[in-house]
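The chain contents come next:
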Amino acid sequence: MFGASGGRLLEGETIELLGVFSTGVLSDDGRVLSPLGPPTNILFRALRSGQARIEVIRGDPWQAIPQRHEIAIVVVV
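Rules of the game
- Residues numbered from 1 in each chain as written.
- Predicted model: local features only at pLDDT ≥ 70, side-chain atom pairs only at ≥ 80, totals over all residues.
- Heavy atoms only, no water.
- Phe/Tyr/Trp six-rings, centres within 6.5 Å; stacked < 30°, edge-to-face > 60°.
- Helix = DSSP H or I, 4+ residues; strand = E, 2+ residues; numbered from the N terminus.
- Buried < 20%, exposed > 50% of the residue type's maximum accessible area, 1.4 Å probe, protein only.
- Pairing = 2+ DSSP bridges.
- Axes fitted to C-alpha atoms, helices over the stretch in contact; angles between N-to-C directions.
- Salt bridge = Lys/Arg side-chain N within 4 Å of Asp/Glu carboxyl O.

Trainee: Sorry if this is basic, but what is going on with the packing of aromatic side chains here?
Mentor: The description of an aromatic ring pair rests on the distance of the ring centres and on the angle between the ring planes. Using the criterion set out here, one finds 1 aromatic pair in the structure. Their ring planes at 80 degrees and their centres at 6.2 Å tell us that F2 and F44 sit as a pair that is edge-to-face. A residue pair is termed long-range when its members are at least 10 positions apart, and F2 in the segment before β1 (6-11) and F44 in strand β5 (residues 41-46) qualify at 42 residues. For F44, a relative accessible area of 13% corresponds to the buried category.

Trainee: Honestly, the sheet that holds β1 in this entry has me stumped. Any pointers?
Mentor: With antiparallel pairing, 3 strands are arranged side by side in an open sheet as β1-β6-β7. Lying at the two open borders of the sheet, with one neighbouring strand each, are β1 and β7 (67-75). Direction aside, neighbouring strands of the sheet carry axes that sit 25 degrees apart on average. By the bridge criterion, 5 bridges tie β1 to strand β6 (residues 50-58) in an arrangement that is antiparallel. Bridging across to β6, G6 finds its partner in I57.

Trainee: Can you walk me through the pattern of salt bridges in this structure?
Mentor: Working definition: two side chains of opposite charge can pair if their charged atoms are close together. In the structure shown here, the tally under the stated rule is 6 salt bridges. Its salt-bridge partner being E55, residue R8 comes within 2.7 Å of it at the nearest N-O pair. Here R8, found in strand β1, pairs with E55, found in strand β6; they are 47 residues apart in sequence, far enough to count as distant. Residue classification places R8 among the partly exposed residues on the basis of a relative accessible area of 45%. Using a relative accessible area of 7% as the deciding quantity, one classes E55 as buried. Residues D29 and R31 are paired through a salt bridge, measuring 3.1 Å at the closest nitrogen-oxygen approach. Linked through salt bridges whose partners overlap, the residues forming this network are R8, E55 and R68.

Quick look at the structure:
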């Protein structure tokens with residue numbers, strides 16, 4: 001999991017992108033309360049041993065130029 005507003009898999013079949021999520025809180029009656037704004041976390045899952053390369057995007061995608069970071073990942077099972 002990365003604190004980011006977006007991202008993608010650039011290379012490899014070692015991991016998969018599960019999604020981009022916003023932090024939420026459960027209320028007393030079971031409703032999900034979440035803040036307005038851009039997503040706050042991106043989640044990847046390791047599938048098997050190997051190498052992959054991802055791009056993680058941070059920042060508010062509507063208000064500023066996002067920061068992009070490429071990350072090399074090595075999975076050893």
